[in-house]
Amino acid sequence: MINKIKLIPERLLAVEGLGGKIAHNHFSEPQTFPFCVYDFSQNSQGADDFHNLLRTSVTVTLYQEVRNFDLEKDILKVFSDVEVNTYNDYISEERMYMTEFTFEFFEKNLKG
């Protein structure tokens, strides 16, 4: 089960169709299609400062010149242990397809 941020890039690297072209937030250099960017935000929940739960909201964005539904399914497969919502759009100015995969997970925020 996904419960750490470091698992996000590890799982995306397992998607062969991406060829390792993944980045947190953005790439420094232009990329060839397809490529993937992930980002996250965290909120803490709980009654005390020691055993808070961190709610992590994740967005994985896939950019493609032509939609590859098998590649999209492969990304869904590596996150099959969480409920994933998807959104698709064509960005005409950039001449590319964008597919967003969003999900959340919780982890203990153990401060010590």
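Residues numbered from 1 in each chain as written. Predicted model: local features only at pLDDT ≥ 70, side-chain atom pairs only at ≥ 80, totals over all residues. Heavy atoms only, no water.

A.B. asks: Quick rundown of the overall build of the protein chain? Include the residues and the values.
C.D. replies: Of regular secondary structure, the protein chain possesses two helices and five strands. Counting from the amino terminus, the protein chain carries its helices and strands in the arrangement α-β-β-β-α-β-β. When each of the 112 residues of the protein chain is scored for burial, the buried share is 35%. Sequence separation of at least 24 residues holds for 55% of the intrachain contacts in the protein chain that already meet a minimum separation of 6. For the protein chain, the accessible surface area stands at approximately 7,100 Å², while carbon and sulfur atoms represent 48% of it. Charge-centre separation for the protein chain: the mean point of 11 positive side chains lies 5 Å from the mean point of 18 negative side chains. (Helix = DSSP H or I, 4+ residues; strand = E, 2+ residues; numbered from the N terminus. Buried < 20%, exposed > 50% of the residue type's maximum accessible area, 1.4 Å probe, protein only. Contact = heavy atoms within 4.5 Å. Areas by Shrake-Rupley, 256 points an atom, 1.4 Å probe, with all protein chains shown as cover. Lys, Arg positive; Asp, Glu negative; His and termini not counted. Charge placed at Lys NZ, Arg CZ, Asp CG, Glu CD.)

A.B. asks: Requested: an account of the packing of aromatic side chains, with residues and values cited.
C.D. replies: One pass over the structure, following the stated rule, counts five aromatic pairs. Centroid distance Phe 79 to Phe 103: 4.8 Å. Interplanar angle 35°. Geometry classified as tilted. Of this pair, Phe 79 sits in the loop between helix H2 (69-78) and strand E4 (85-91) while Phe 103 sits in strand E5 (residues 96-110), and the two are 24 residues apart along the sequence. A relative accessible area of 2% places Phe 79 in the buried class. When its relative accessible area of 3% is taken as the criterion, Phe 103 is described as buried. Members of the aromatic cluster, joined through ring pairs, are Phe 27, Phe 33, Phe 35 and Tyr 63. (Phe/Tyr/Trp six-rings, centres within 6.5 Å; stacked < 30°, edge-to-face > 60°.)

A.B. asks: Which residues make up the environment of Tyr 90, and what values do they have?
C.D. replies: Examined against the element boundaries, Tyr 90 turns out to sit in strand E4. Assessed through its relative accessible area of 38%, Tyr 90 is described here as partly exposed. Remark: the alpha-carbon pair of Tyr 90 and Glu 65, spanning 25 residues in sequence, is separated by 9.5 Å. Dropping the residues within four chain positions of it, Tyr 90 is found in contact with Arg 95, Met 96 and Tyr 97.

A.B. asks: Help me get a handle on the side chain of Glu 107, residues and values and all.
C.D. replies: By secondary structure assignment, the location of Glu 107 is in strand E5. Exposure remark for Glu 107: the relative accessible area of 12% places this residue in the buried category. Excluding its chain neighbours within four sequence positions, the residues that come into contact with Glu 107 are Asn 3, Lys 4, Ile 5, Gln 42, Asn 52, Leu 53, Leu 54 and Thr 56.

A.B. asks: So what's going on with H2? Residues and values would help.
C.D. replies: Along an α-helix, a turn takes 3.6 residues, which lines up residues three or four apart on a common side. Of all the residues in H2, the buried ones are Leu 71, Glu 72 and Ile 75. Along the axis of H2, the buried residues cluster in a sector spanning 100°; they form a single face. What points out from H2, more than 90 degrees from its buried face, is the exposed set Asp 70 and Lys 77. (Arc of directions from axis to C-beta.)

A.B. asks: Quick one: what's the story with unusual backbone geometry, residue by residue and with numbers?
C.D. replies: With an omega of -15°, the peptide bond between Phe 33 and Pro 34 qualifies as cis. Topologically, Pro 34 is positioned in the loop between strand E1 (22-24) and strand E2 (35-45). A positive phi angle, close to 75°, is found at Asn 25, a residue other than glycine. When you line up the elements, Asn 25 lands in the loop between E1 and E2. Notably, Arg 95 is not glycine yet its phi reads approximately 55°, a positive angle. Within the secondary structure, Arg 95 is located in the loop between E4 and E5.

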